[in-house]
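# Commentary on secondary and tertiary structure
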Amino acid sequence: MAPTLEGSDDALLPDFPRGPLHAYRARASFSWKQLALFWEGPDILRFQKAIFSSLENDPIFAQQRGGDLCLEKYRELNFLRCKRVLEYDLCRLDSLLQNPLQALRLVTSLGMYDWSLSIKVFLHLFTFGSTIYNMGSERHLKYIPKLFTMEIFGCFALTELSHGSNTKAIRTTAHYDPTAEEFILHSPDFEAAKFLIGNMGKMATHAVVFAQLYTPGGQCHGLHSFVVQIRDPKTLLPMPGVMVGDIGRKLGQNGLDNGFTMFHKVRIPRQDLLNRTGDVTPEGTYVTRFKDSRERFGASLGSLSFGRVIIVAMSIVNLQLAVSIALRFSATRHQFGPTDEKEIPVLEYQMQQWRLFPYLAAVFALDHFSKSLFMDLMGLQQGFLEHDRSSRQAELGREIHALSSASKPLASWTAQRGIQECREACGGQGYLAMNRLGDLRDDNDPNCTYEGDNNVLLQQTSNYLLGLLAHGDPGGAHFQSPLKSVAFLEAYPALLGQRFRVASLEDCLDSSVPLAAYEWLVCYLLRESYQKLNQEKRSGSDDFTAKNNSQVYYCRSLALAFLELTVLRRFHEHTHQPGVPPPLRIVLQRLSALYGLWSLSQHMGLLYRGGYFSGEQAGKMVESAILTLCSQLKDDAIALVDVIAPPDFILDSAIGRADGELYKNIWTTILQESKVLERASWWPEFSNKPVIGSLRSKM
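In short, a report on the structure. Here the residue numbers are simple positions, counted from 1 along each chain's written sequence. Local features in this predicted model are restricted to residues whose pLDDT is 70 or higher, and side-chain atom pairs enter the listing and the counts only when it is 80 or higher, whereas totals over whole chains, interfaces and linings include all residues. Hydrogens and waters are ignored; side-chain quantities use all the structure's heavy atoms.

## Focus: the overall build of the protein
- Helix and strand assignments follow DSSP, with helices taken as H or I runs no shorter than four residues and strands as E runs no shorter than two, numbered in order from the N terminus. Broken down by element type, the protein carries 24 helices and 11 strands.
- Compactness check: the protein gives a C-alpha radius of gyration of 27 Å against a globular reference of 27 Å for 699 residues, within 12% of the reference.
- On the principal axes, the C-alpha backbone points of the protein span a range of 90 × 80 × 80 Å.
- Summary of the burial criterion: residues with accessible area below 20% of their type's maximum are buried, those above 50% are exposed, and those between are partly exposed, where the area comes from a 1.4 Å probe applied to protein chains only. Within the span of the protein, comprising 699 residues, buried residues form 55% of the whole. Just to be clear, the radius of gyration here is over C-alpha atoms, and the globule rule we use is 2.2 Å times residues to the power 0.38.

## Quick word on the side chain of S54
- If you trace the backbone, S54 turns up in helix 3 (residues 42–56).
- Owing to a relative accessible area of 15%, S54 belongs among the buried residues under this scheme.

## Describing the packing of aromatic side chains
- Only Phe, Tyr and Trp rings take part, Trp by its six-membered ring, and two of them pair if their centres are within 6.5 Å. Stacked means planes under 30 degrees apart, edge-to-face means over 60, and tilted covers everything else. For the coordinates displayed, the defined rule picks out 20 aromatic pairs.
- Relative to F153, the ring of F79 has its centre 5.7 Å away and its plane inclined at 70°; by these criteria the two rings are edge-to-face. Of this pair, F79 sits in helix 4 (residues 71–87) while F153 sits in the loop between helix 8 (143–149) and strand 1 (154–157), and the two are 74 residues apart along the sequence.
- By relative accessible area, which is 3% here, F153 ends up buried.

## Some details on the environment of R18
- Residue position: R18 is located in the segment before helix 1 (22–27).
- Spatially, the C-alpha atoms of R18 and D659 are 6.7 Å apart, while their sequence positions differ by 641 residues.
- Throughout this description, a polar contact denotes any pair of N or O atoms lying within 3.5 Å of each other; where both atoms belong to protein, one of them has to be capable of donating a hydrogen while the other can accept it, and for residues adjacent in sequence the pair is counted only when both atoms sit in side chains. Side chain to side chain, R18 and H22 meet in a polar contact 2.9 Å long.

## So, the pattern of salt bridges
- The rule for a salt bridge is simple: a side-chain nitrogen of Lys or Arg has to be within 4 Å of a carboxyl oxygen of Asp or Glu. A full pass over the atoms with the stated rule returns 30 salt bridges.
- Two residues, R570 and D376, come together in a salt bridge whose shortest N-O distance is 3.0 Å. Taken together, the residues span a long stretch of sequence, with R570 in helix 18 (residues 551–575) and D376 in helix 11 (residues 350–385) at a distance of 194 residues.
- We classify R570 as buried; its relative accessible area is 13%.
- With a shortest N-O distance of 3.1 Å, R398 and E395 are connected by a salt bridge. You can see R398 and its partner E395 sitting in helix 12 (residues 391–425), three residues apart, about one turn around the helix.
- We classify E395 as buried; its relative accessible area is 12%.
- Residues joined in a network through salt bridges with shared partners are R27, E348, K634 and D635.

## Some points on the sheet that holds strand 8 (residues 258–263)
- DSSP calls a pair of strands paired once it identifies at least 2 bridges connecting them. An order of 4-8-7 is seen for the three strands of this open sheet, with the pairing classed as antiparallel. The sheet terminates laterally at strand 4 (194–198) and strand 7 (242–246), the two strands that pair on one side only. For this sheet, the mean angle separating the axes of adjacent strands, direction not counted, is 25°.
- The pairing of strand 4 with strand 8 spans three bridges and is classified as antiparallel. Across the sheet, the residue bridging to G198 is N258, located in strand 8. Between the N-to-C directions of two axes lies an angle of 0 to 180 degrees, each axis being a line fitted to C-alpha atoms and, for a helix, fitted only over the stretch in contact.

## Focus: helix 13 (residues 437–444)
- Every buried residue of helix 13 is accounted for by L437, L440, D443 and N444. Along the axis of helix 13, the buried positions cluster into a sector of 130°, meaning they face one direction only. Directions drawn from the helix axis to the C-beta atoms are what define this arc.

## Things to note about the packing of helix 4 against helix 7 (residues 115–135)
- Packing of helix 4 against helix 7 brings their axes to within 9 Å, and their N-to-C directions diverge by 60°. If you check the angle between helix 4 and helix 7, you find them oblique. Between helix 4 and helix 7 lies a crossing whose hand is right-handed. Listed contacts from helix 7 to Y74, N78, F79, R81, C82, V85 and L86 of helix 4 are S116, L117, K120, V121 and L125. Should an angle fall under 35 degrees it is called roughly parallel, over 145 degrees roughly antiparallel, and 65 to 115 degrees roughly perpendicular, with every other angle called oblique. Handedness of a helix crossing follows the sense of rotation of the near helix relative to the far helix, less than a right angle counterclockwise being left-handed and clockwise being right-handed. Whether two residues are in contact is decided by their heavy atoms, any of which lying within 4.5 Å being enough.

## Details of helix 24 (residues 662–672)
- Here helix 24 has its buried residues at L662, N665 and I666. For helix 24, the buried positions fall inside an angular range of 100° around the axis, keeping them on one side. For helix 24, the exposed residues set more than 90 degrees away from the buried face come down to K664, W667 and Q672.

## Remarks on the environment of L35
- Inspection of the secondary structure assignment puts L35 in helix 2 (residues 32–40).
- A residue is classified by how much of its surface remains accessible, and L35, at 0% relative accessible area, is buried.
- Once the C-alpha coordinates of L35 and Y518 are considered, the two residues, 483 residues apart in sequence, prove to be 28 Å apart.
- Sequence-distant contacts of L35, that is, excluding residues within four places in its chain, are made with F30, F364, L584, L588, L640 and V643.

## Notes on the packing of helix 16 (residues 512–538) against helix 18
- The contact between helix 16 and helix 18 brings their axes to 9 Å, and the two run at 155°. Considered as vectors, helix 16 and helix 18 are oriented roughly antiparallel to each other. Judged by the twist between their axes, the crossing of helix 16 over helix 18 is left-handed. Residues S512, P514, L515, Y518, E519, L521, V522, L525, L526, E528, S529 and K532 of helix 16 lie in contact with helix 18, whose contacting residues are Y553, Y554, C555, S557, L558, A561, F562, E564, L565, L568, R569 and H572.
- The nonpolar class holds Ala, Val, Leu, Ile, Met, Phe, Trp, Tyr, Cys and Pro. Asp, Glu, Lys and Arg form the charged class, and all remaining residues, Gly among them, are polar. Considered class by class, the residues forming the contact of helix 16 with helix 18 number 15 nonpolar, four polar and five charged.

## Here we look at the nonpolar core
- Among the buried residues, those of types Ala, Val, Leu, Ile, Met, Phe, Trp, Tyr and Cys that are joined through side-chain atoms within 4.5 Å form a nonpolar core. In this structure, F364 and Y595 are the most contacted members of the largest nonpolar core, which totals 192 residues.
- The element that contributes the greatest number of residues to this core is helix 10 (residues 302–332), accounting for 19 residues.
- Excluding residues that lie within four positions of it along the chain, Y595 makes contacts with A361, A362, A365, L366, L410, V567 and L568.

## Topic: the environment of L432
- Mapped onto the secondary structure, L432 falls in the loop between helix 12 and helix 13.
- Classification of L432 by relative accessible area gives partly exposed; the value is 33%.
- In the structure, L432 is positioned 221 residues away from S653 in sequence and 9.8 Å away in space, judged by C-alpha atoms.

## Some words on a nonpolar patch on the surface
- The residues that make up patches have over 30% relative accessible area and no salt bridge, and they are joined within 9 Å when like-charged or within 5 Å when they are Val, Leu, Ile, Met, Phe, Trp or Tyr. Only the protein chains shown count as cover for residues, and the accessible areas themselves come from Shrake-Rupley with a 1.4 Å probe. A cluster of nonpolar residues, W667, I670, L671, V676 and L677, forms a patch on the protein surface that exposes about 530 Å² of accessible area.
- With respect to the helices and strands, the residue I670 is situated in helix 24.

## Here we look at unusual backbone geometry
- Phi angles above zero are rare outside glycine, and N199 is one such case at about 80°.
- Structurally, N199 can be placed in the loop between strand 4 and strand 5 (206–215).
- Overall, N199 belongs to the buried group, its relative accessible area being 0%.

Worth remembering: the numbers are spatial, not functional.
In structure tokens:
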């Protein structure tokens, strides 16, 4: 049964003020409050409201993001805000362990306000903290309480100046000295400096540092993680042998101090090796429970999957905010009309619907996927902590790695394109900084690169899928797929024989249609990629070159199509489940169908080339279905935005405010800016007229 609001909970979702948006809200086919409760649940809504209320009512958060502050002042303010978040006790460890989705919601809620703040908290508590918790042992638990009291401040140091995606080539070393029972950390040269590390620039006192572990005799056991103190917590001065600094201004997120560090023979206790995947005895013997070094390496980088899943959620929030701003603007911006006397909202135009509604559908589809994948990851981590060594646990790890590796590219690129479309859909108003679309675009950009370059990550997913074929052609064999994401490949040969058989436009308006098409598409791309790879090898290419020459048009497309299929399947199942309240079924199923058909339409060439589509009618039907769904969703668009948009204080966009007073809000915001009506301080320069030709060369 769907949750309902009772008694004092009415304050959880207050009514919006009447205004220009009321006409659209009145035409909605469903209650936005009912959908919000179904989508998030009352506990998460209360938690989010507590976060937003804390920020809005505290003067330290009054100046939105960095404003016009210089870099140093913005960093200072961001750190003070980070302290304040901990003082509000919004991230209590017992609550986070009881409901892991609260951790995800804390990151995204703070990010809606300012990603510099959110990521600072996230890197300190969840990346640094969870790596210690998950990769360490009982001897490392002493660090956890110190995170919450800020006795120490943490960062995660993997990337180096000369190496990022190729983690196996990391060059920082950790040589074990049995006489002192210490590791000696060393950066062989400046190219091995830890680089781009969030929180490291000015504030971090401790880092989880990844280094190549050497035991006496010079044997290298691969990449391992260590807890390393890099600054004195009392003075914030570097520890002996540590050179640490700030990398300067970035395109966005400048409240976050990204930095670098180098180690010159820095000694740390043996116990500061995070030893869940491997340990060194006091005498210098290396011990591990993993028989396969590749499996141990994958387990040691498990925290990267966590980071990638969080980045998926971060990307979706950026798109969510941009879509909310653009659609509220579109519903209140009147331009042209059937007569010169009557202008209509630009939301009424098919072009505006076609530009924006698919991204609205993508927000819901990707948000559901993000939360479900996050919970899948929590299940994997639980098994890891319980020393589950079953084949199912190992396969679950491989499956989640494949999903997280492709989900970050899909989410971050979808947000990147969507934010730009929203910016353009708002015309000149979208270009004004006060409306935040530029900040969203800049703050989203790093999601495409950190925790792994998107195009490189997609190779992890295609390798996973190709590995299924390498162990024998699918068809008849049962795949061990704990999350069922590749279970459809059991019907691989039969699926390749499928063709588009939809008879009418009405039949095309359900997400089962693109779902079936995507299953064929993934099988087709899997076959084509497999054949391309083998063709390269038969031509004399080694494995490295063969894979490199099979990415464009083949493996890259395979990985993206597979993830799009997985997102669509989960959204389809969620929107068609019996637990969906009847008043919400139609609108959610329309969103599911629109997301599926819109995503599929970007592969139209492949569908025709592979023979799934034939004749012009198939392509035309998909296009007509997309436009029909856009038209059907028009009257529900603003109510859907009301479900996903944060309060005005958090959204911080004059054209995106909930009251819909578009021009009043723009005008008021402009006049409230500092010195807008004052003449320029350099006005006397206008009196000094140029002497034309006075600087012309005399030669």
